[in-house]
Amino acid sequence: MKVNFKLLFLLTASLLLQFCTTVRDYGAPVIQTTIDRIELMPASPEPYRIIDWKDKALALDEYLFDLSADVPAGPLIWLDHNQRNIPQVTFGLYTAINDVRQGRDNNNGEFHESLNSLAALLGGGLMGIDKTSQNGYNFVKMIQNYFNSDNGWNIMMNNTSPEVAQLGGGYGRDWWYDVFPNVLFYNLCDLYPAVENSENLQRMIAEQFCKADSVLNGNYDYSYFDYAQMKGMVNQIPLQQDAAGGHGYVLYAAYRKFGDERYLNRARSAIEALDSQQESRFYEILLPIGAYTAARLNAEEGSDYDVAKMLGWIFEGTTNRDGRYGWGVIVGKWGDYDVSGLQGSITDRGGYAFLMNSIKMTMPLVPLVKYEPQFARAIGRWMLNNVNASRLFFPDEIPDENQWLPGMQDYTHSIIAYEGLRYEDDYNKPELIGVHPVAIGDGPKWHEDNPKESMFSVYSTAPVGIMGAIVETTNVERILKLNCNVTDFYADNAYPVYLIYNPYNEGQKIKYSTGNEEVDLFDIISKSYLAKSVDSETEIEIPADQAIVVLELPSGTNIQRDGERLLVNGKIISHK
């Protein structure tokens, strides 16, 4: 028998090629989905400056939780001995500097807000600070007094009791104020899971939200929900259908923690209610939380929610006057400053952006790209603008002529920011006529005796640790490295994941630093390796105007493909 060596060689080569192709085929690259309003944001916002958010967050935590802080503005924290809801001492933080309704000696020291305190604890925790043992206090345990048992609601609320709630802020009448503290509390408990009584409170919150969604049965057309009567309510406050996003998130987090299928089913029910809306009902934070939850349910539970629609609703904003009309994400230049990416009112006297909202929206939307990577470029572009513009709220980051309290940078050592950034002043200060933008705050409007420094907003600055934990700079200006894991709570974060966006019109090479262990760098967008066996630093290239989502795997890790999904040791590392 004559052997055709040429044919044998070709067959062998073909088999080897097929084998290599099979082994190295990690799927098709992820085609990116654009968000129209984000496309209007500049690739290179001006003037450009990224502050050190980590330093800012650490300085903030040190100041906030020091009962004898030696700062001209004075301490911002005090102890509350009223023992509402739980028999223990808790603490309060000023909402705004020197708010006359607050402090140890006003209203029995009981007027303070959980949205402020929870955000400060979460921000500090994300920066690696042990909030269960700081300056002699377990602040995470102390926060439990906001769990309102005395009124029968049995959820975390913005105040400790209705007696002080009417002094200001939302409580029992404004849905996002009642739902969002529970989102923050759940996130805090993921950072500190072993605190006494926390798991019990989490279970009770989940049960209340489970019952509420069952009662609502897909209809979230209410201003708020009475969790004691289990009844939807309508008042003068616009309807808040995006509360479904908050319900869905807490219930899915509860399912991930407790494994109770009822929570998963009600999480799906809530997100289905959100997905079935015909238009944007965006306000504050619950719609971004809902979009993130929808993305996780799609990836982890096989759902098919329209995340692109939800993201469009967030950025385009609410246009129906039955909702929070004009609320969305700002695009444009105010005076000499690009302010694109900030969240707030698009319509109020040319625009009114808020620091708290702009920071907190990063918490769900950055990790969202792990589950829906087709939005990596859009989120990367938005974040570049948002991170750049968010510095303008701090008194040392905007010129005196553009702020309401010029020359007061030392009052809090510029640790505490202004509440807002307006297109134009609305107090009619003569020096600010025709000035754009203006760093400002609503504190003096809350009470006739509030001083001008109440424009410096503690509750707006409180979540700065979120930005500090997410944002890193690289050696190439305008290219940020965003941590996708730190705010991805109740998730299997087995390996580091980073979103990196290149805003330039040509490819850019950046230095990429890793830890001490040797790793392989895999991009879940291109479905390819960027580098292998990296022991500390390497150079990687990012295509023009594109994003990569980098996964750090132990060197030599074998990736398996299961349909569209990629797995390592049975754990999903890429969902599509």
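How each quantity is defined
- Residues numbered from 1 in each chain as written.
- Predicted model: local features only at pLDDT ≥ 70, side-chain atom pairs only at ≥ 80, totals over all residues.
- Heavy atoms only, no water.
- Helix = DSSP H or I, 4+ residues; strand = E, 2+ residues; numbered from the N terminus.
- Rg over C-alpha atoms; globule rule 2.2 N^0.38 Å.
- Contact = heavy atoms within 4.5 Å.
- Areas by Shrake-Rupley, 256 points an atom, 1.4 Å probe, with all protein chains shown as cover.
- Lys, Arg positive; Asp, Glu negative; His and termini not counted.
- Charge placed at Lys NZ, Arg CZ, Asp CG, Glu CD.
- Pairing = 2+ DSSP bridges.
- Axes fitted to C-alpha atoms, helices over the stretch in contact; angles between N-to-C directions.
- Core = buried A, V, L, I, M, F, W, Y, C linked by side-chain atoms within 4.5 Å.
- Buried < 20%, exposed > 50% of the residue type's maximum accessible area, 1.4 Å probe, protein only.
- Salt bridge = Lys/Arg side-chain N within 4 Å of Asp/Glu carboxyl O.
- Parallel < 35°, antiparallel > 145°, perpendicular 65-115°, else oblique.
- Left-handed = near helix turned anticlockwise from the far one by under 90°.

Below, the discussion takes up the overall build of the protein chain. Helix and strand content of the protein chain: 18 helices and 24 strands. For the protein chain, the C-alpha radius of gyration of 25 Å lies close to 25 Å, the compact-globule estimate for 576 residues. Across its three principal directions, the C-alpha atoms of the protein chain cover 105 × 50 × 50 Å. Here the contacts in the protein chain between residues at least 6 apart in sequence split such that 67% fall between residues at least 24 apart. Carbon and sulfur atoms provide 47% of the accessible area of the protein chain, an area that totals close to 21600 Å². Each charge class in the protein chain can be summarised by its mean position, and for the 47 positive and 75 negative side chains these summaries are 6 Å apart.

It is worth spelling out the environment of Thr293 at this point. Relative to the helices and strands, Thr293 is located in helix 11 (residues 286–301). Taking C-alpha positions, Thr293 is 13 Å from Ala273, a pair spaced 20 residues apart along the chain.

Spatially, the six strands line up as an open sheet ordered 14-15-16-21-18-19, and their pairing is antiparallel. The open sheet is flanked by strand 14 (471–473) and strand 19 (528–534), the only strands paired with a single partner. In this sheet, neighbouring strand axes are inclined to one another by 25° on average, regardless of whether the strands run parallel or antiparallel. Where strand 14 and strand 15 (residues 480–483) come together, three bridges link them in antiparallel fashion. Paired with Glu472 across the two strands is Lys481, which belongs to strand 15. Where helix 15 (residues 376–390) meets the sheet, it contacts strand 14, strand 15, strand 16 (497–502) and strand 21 (546–554), and its direction lies at approximately 75° from that of strand 16.

Our next topic: the nonpolar core. Counting residues in each nonpolar core, the largest one holds 183 residues, and the members touching the most others are Tyr227, Phe315, Trp382, Ile416 and Leu421. Ranked by the residues each element gives to this core, the list is headed by helix 7 (residues 175–191), at eleven residues. Contacts of Phe315, omitting those with residues within four sequence positions, involve Ile35, Arg37, Ile38, Met41, Gly328, Val329, Ile346, Met361, Leu365 and Trp382. Listed in part, the 14 residues of the second largest apolar core include Ile479, Tyr512, Val519 and Ala531.

Once that is clear, we can look at the side chain of Thr318. Along the chain, Thr318 falls in the loop between helix 12 (307–316) and strand 5 (327–329). A relative accessible area of 2% means that Thr318 is categorised as buried. In contact with Thr318, not counting residues within four places along its chain, are Ser280, Arg281, Phe282, Gly323, Arg324, Tyr325, Gly326 and Trp327.

What follows concerns the pairing of strand 23 (residues 565–568). Summarising the sheet, strand 22 (residues 560–562) and strand 23 pair through three bridges and their orientation is antiparallel. Bridge assignment links Arg561 to a residue of strand 23, and that residue is Leu566. Between strand 22 and strand 23, which pair antiparallel and follow one another directly, the connecting turn spans two residues, one of which, Gly563, has a positive phi of 65°. Two elements, strand 23 and strand 24 (residues 571–574), share three bridges in a ladder whose sense is antiparallel. When the sheet's bridge partners are listed, Leu567 is paired in strand 24 with Ile572.

Opposite charge on two side chains allows them to pair when their charged atoms are near. What the rule picks out here adds up to 34 salt bridges. Note that Lys56 and Asp396 form a salt bridge whose closest N and O atoms lie 4.0 Å from each other. Residue Lys56 is located in helix 3 (residues 53–64), and its partner Asp396 is located in the loop between helix 15 and strand 10 (417–418); the two are separated by 340 residues in the primary sequence. On the accessibility criterion, Lys56 (13% relative accessible area) is buried. For Asp396, a relative accessible area of 41% gives the class partly exposed. In this structure, Asp105 and Arg104 form a salt bridge, with 3.4 Å as the shortest nitrogen-oxygen distance. For the residue pair Asp105 and Arg104, the accessibility class agrees, reading exposed in each case. A single salt-bridge network, built from bridges that share partners, covers Arg256, Arg296, Glu300, Lys370, Asp488 and Asp492.

Another point: the environment of Asp304. You can see Asp304 is positioned in the loop between helix 11 and helix 12. Separated by 184 residues in the primary sequence, Asp304 and Asp488 place their C-alpha atoms 20 Å from one another.

Here the amide bond leading from Glu46 into Pro47 is cis, since omega sits at -15°, within 30 degrees of zero. Tracing the backbone shows Pro47 in the loop between helix 2 (36–39) and helix 3. Between His436 and the following residue, Pro437, the backbone shows a cis peptide bond with an omega angle of -10°. Within the secondary structure layout, Pro437 lies in the loop between strand 11 (420–422) and strand 12 (438–440). Here the phi dihedral of Asn197 falls at roughly 80°; this positive angle occurs in a residue that is not glycine. A positive phi angle, near 55°, is found at Tyr490, a position not held by glycine. Judged by relative accessible area, which is 10%, Tyr490 ranks as buried.

Sheet strands pair by backbone hydrogen bonding; their relative direction is either parallel or antiparallel. Read across the open sheet, the three strands follow the order 22-23-24; overall the sheet is antiparallel. In this open sheet, the two strands that pair with only one neighbour each are strand 22 and strand 24. Each adjacent strand pair in this sheet contributes to an overall mean axis angle of 45°, direction not counted.

Turning our attention to the packing of helix 8 (residues 198–216) against helix 10 (residues 261–275). Closest axis-to-axis distance for the helix 8/helix 10 pair is 10 Å, and the angle between their directions is 50°. On the basis of their axis angle, the class for helix 8 and helix 10 is oblique. Crossing handedness for the pair helix 8 and helix 10: left-handed. In this structure, helix 8 contributes Arg203, Ala206, Glu207, Cys210, Asp213 and Ser214 to the contact, and helix 10 contributes Arg262, Tyr263, Arg266, Ser269 and Ala270.

Function cannot be inferred from these measures alone, as they are strictly geometric.
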